[in-house]
Amino acid sequence: MFFFSAIARWSILSICCAGLLFFTSNHSALAQPTTESAVVVTGEEVPSAYGAPPGFSRARFSNAVNAYVLPPWAFFFGELFEGQGFRHGPPDYLFTQEIEMGLPFRFNVAAEAQFERFNGGGGARSVSLEARWALADWNKIPLNPTLFAEYKFGVGTIRHEEVAPPMGVGGEGEEEEEGGPPKVPDAYEFRLLLAQDFGEHVEWAMNWFFEKENTGDRGREWGFSQAAMTPILLPNERLKVGIEMQYKNTTVKDTRGDPLHSFTIGPTLAWKPTTQTRLDISPLFGCTAGAPVADVFVAFSWLFGGERGEAEAPVSSRFRYYTDAAYARSGKDSGKEMKQVAYVPPCPQWYGDREWNVNLFGTYAFTNTEFAPNPSLVDIVQSTSEGGPVLGTYDRYIGGDHAWGGGGDIKYFFCRYAGVGVEGFVLDGSKPGFDIFEDQSVPIFVHKRINHNHTIGSVLGTLTLRYPIPCTRLAPYAWAGVGAIFGGGERDQLHTQGPPDAFAVNAQTEHFGAETKLLGQFGAGLEFRFARNFGWTNDLSFGVIDGPRNNFGMFRSGVNFAF
C-alpha cells in the first residue's frame, strides 16, 4: 500500500507539473499565431488537425494513449500487438486492428477488431465502434480536451480473467461449465483525452478512462494512461523517445470493495520510416502485485488522406509550408516570404466512372454461437434417453468457433458510385461429432468422438455502393449480396429406445451430410488505391443463413485490380 500510494502521489505530481508547464512555457505559444510574421522554411509539408502539431494529429499518440483528432478526411490505420507476461500462468497475446476517419467540425469515427491468443487457444474477442470530438481548435482551450466514447461487442469466449473470484465465490462455475465457456460481454467506455506541447521539444498526452461491462461478472475498470515524448537524432522528428505509464483499477460485481490495482511504466519509442508510417514500441513493467510482470506493445500505423501529405517537420517550424516550385509558378520572387501557396495542382483520379474490378481476398469467419460441445458421451446418452439431449453449444452450420479461407469477386461499376458483381468464397470448416452404438442384447456399448472436416463454399450476387473521396486514394464502400452456401451443416442425431438409463438403453447415432442453404450477406469496408489499377481492400461483413445458431461474421482483406 505504501508503494502504491507513492506511485499515486507521483502521478498526481506529474499532472500538476504538466499544468504548470503549460501556463508558464506555453503562454507565448498561444499568442504566437497573432504576433509572429510568416517564416519560410524548406522542408516537407505538414498536415495539421485544426492547428495541432503532427504528433497529435495521428489519433494514437503512443501505444496506450490517444490524443486529439485526425484532420478532416484523413485516415489512420493501425496494427497493434500487446503481450502480457504474468507472475503465474501462460502469457496473453492481443492483436488489434483499427481504422479511423477524420470528419469536419473536429469529429472522428473509428472501428476496431481485437483477437486473442492464450494458452493454446485463440480467436476473435471483440469488435468495437468509437467516436471522439475535440471541444475546440488546437490551443484554444488549455490541455485541448477531447471527448471519447466507445462501444464494444463481445464476439468470442473469455479465455483469461482479469480478476480472480474471491474465496468462497464461484457458485456459477458449474453452470458456466455445463453451458460452455462464458462469452465476452458487451461493454462501453468513456475517456477524457488531454494533450499539450510544451515549448518546442516536449509533447505530452493523458487519458482518463472508465469502462463498464453490460453482462457477465459486470467488470468495471477506471484509471489513466499518459506519455511524454521528445524528438532526438533524426531530422523532421522521425525518431522520438519518451516515457509511458498506465494505471488500472479493476473490479467485478463480487469484488467492488477489493479492487485489483495495476500500474505499469516504461520507455516508449516512435520511429517514422516514411512520411506516412510509424512504428511504436513500448515495453512497460509492472510495479504492483496486480500488474503483469511485463506488458509489451508494438504498433505499426499508417496515416493517409487529408489535404496534404503527412510528414513531421521540426517542432520549431510547424504549420509553415514552402515549396520552391510553388513560388516559381506564382511569378513572384522565390526569395520573398509568402503566407499562401498560389499554385494548386489538379487532383488525380484514382477511381473510374466505369470500370471492372477483380478482387482476391483472404477471409476469417467467426460464428455467432460459442464452440463448447458436451465432453461426456455418457451424458449425451443419458440426457437423450430422458428426452432432453445435452449436446453443448456450437455453430450448426460452420461447426467450430472460427474458420479460415479465401475467395474472390468480379464487379462492374456502371458509375463511379455503384456496381454489381458475383462473389465466391471457400472456408476450411471443422465440426466435432460422436458415434454411439449401444445394444443391450449383445451387450455392447461403443462410443467415440469423431470430427467432420469439410469445405464450405458460397456464391452470391452482390450490389456495391462506394464513395471515392475527392483528392484521395480512399473509397469507403458498403455491399450486400444474396446467394447459396453449401458444404456445411453436417450433424449427428442419437436415437434411443428403452428406459432413461445410459447403461440400460439401446442407442444408435444417425449421421446427416452437408446441406445447401440460402445466404444473405452484407458489410462495409475501405479501399485504398496504390495505383490507378491496383488497390487494397479491407471489410467486415455479417452472413445470415437460418437462425442465430447458423449466422457468422467475416473479416476480409485482399487486393483489387481495376480495368
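Nothing here was measured: the structure is a model prediction, and the numbers come from that model.

Visitor: Provide a residue-level description of empty space enclosed by the protein, including the pertinent values.
Guide: Rolled over the atoms, a probe with the dimensions of a water molecule shows which regions are left empty. As enumerated under the stated definition, the model contains 7 cavities of 30 Å³ or more in all. Approximately 160 Å³ is the volume attributed to the largest cavity. In terms of lining, the largest cavity is formed by 17 residues, of which the most central are Asn-359, Asp-409, Lys-411, Thr-464 and Tyr-477. Contributions of two or more residues to the lining of the largest cavity are made by strand S13 (355-367), strand S16 (402-415), strand S18 (444-466), strand S19 (474-488), strand S23 (534-544) and strand S24 (552-562). The space that makes up the second largest cavity amounts to roughly 80 Å³. Taken together, 13 residues form the lining of the second largest cavity, with Ala-124, Val-155, Gly-156, Arg-159 and Asp-401 sitting closest to its centre. Listing elements by their share of the lining of the second largest cavity, those giving two or more residues are strand S4 (121-134) and S13. Its residues placed into classes, the lining of the second largest cavity shows 4 nonpolar, 6 polar and 3 charged.

Visitor: Which residues make up the nonpolar core, and what are the values?
Guide: Among the nonpolar cores identified, the biggest contains 16 residues, and Phe-56, Phe-61, Ala-67, Tyr-68, Trp-138, Ala-195 and Ala-205 are the most heavily contacted of them. Counting residues in hydrophobic clusters, the runner-up holds 14 residues, among them Phe-361, Ala-403, Leu-519 and Phe-552.

Visitor: Any chance you could break down the sheet that holds strand S8 (residues 220-231) for me, citing the residues and the numbers?
Guide: Read around the barrel, 12 strands follow the order S1-S2-S3-S4-S5-S6-S7-S8-S9-S10-S11-S12 and close on themselves; strand pairing throughout is antiparallel. Neighbouring strand axes in the sheet, compared pairwise and without regard to direction, differ in orientation by 20° on average. Relative to strand S7 (residues 202-213), strand S6 (residues 187-198) runs antiparallel, the two sharing 12 bridges. Its bridge partner being in S7, Ala-187 is matched across the sheet by Glu-213.

Procedures and definitions
- Residues numbered from 1 in each chain as written.
- Predicted model: local features only at pLDDT ≥ 70, side-chain atom pairs only at ≥ 80, totals over all residues.
- Heavy atoms only, no water.
- 1 Å grid on protein atoms, 1.4 Å probe; cavity = no way out; pocket = protein on both sides within 12 Å on 5 of 7 lines; lining within 4 Å.
- Points joined across faces, edges and corners; volume = space filled by probe spheres on them.
- Helix = DSSP H or I, 4+ residues; strand = E, 2+ residues; numbered from the N terminus.
- Nonpolar A, V, L, I, M, F, W, Y, C, P; charged D, E, K, R; others polar.
- Core = buried A, V, L, I, M, F, W, Y, C linked by side-chain atoms within 4.5 Å.
- Buried < 20%, exposed > 50% of the residue type's maximum accessible area, 1.4 Å probe, protein only.
- Pairing = 2+ DSSP bridges.
- Axes fitted to C-alpha atoms, helices over the stretch in contact; angles between N-to-C directions.

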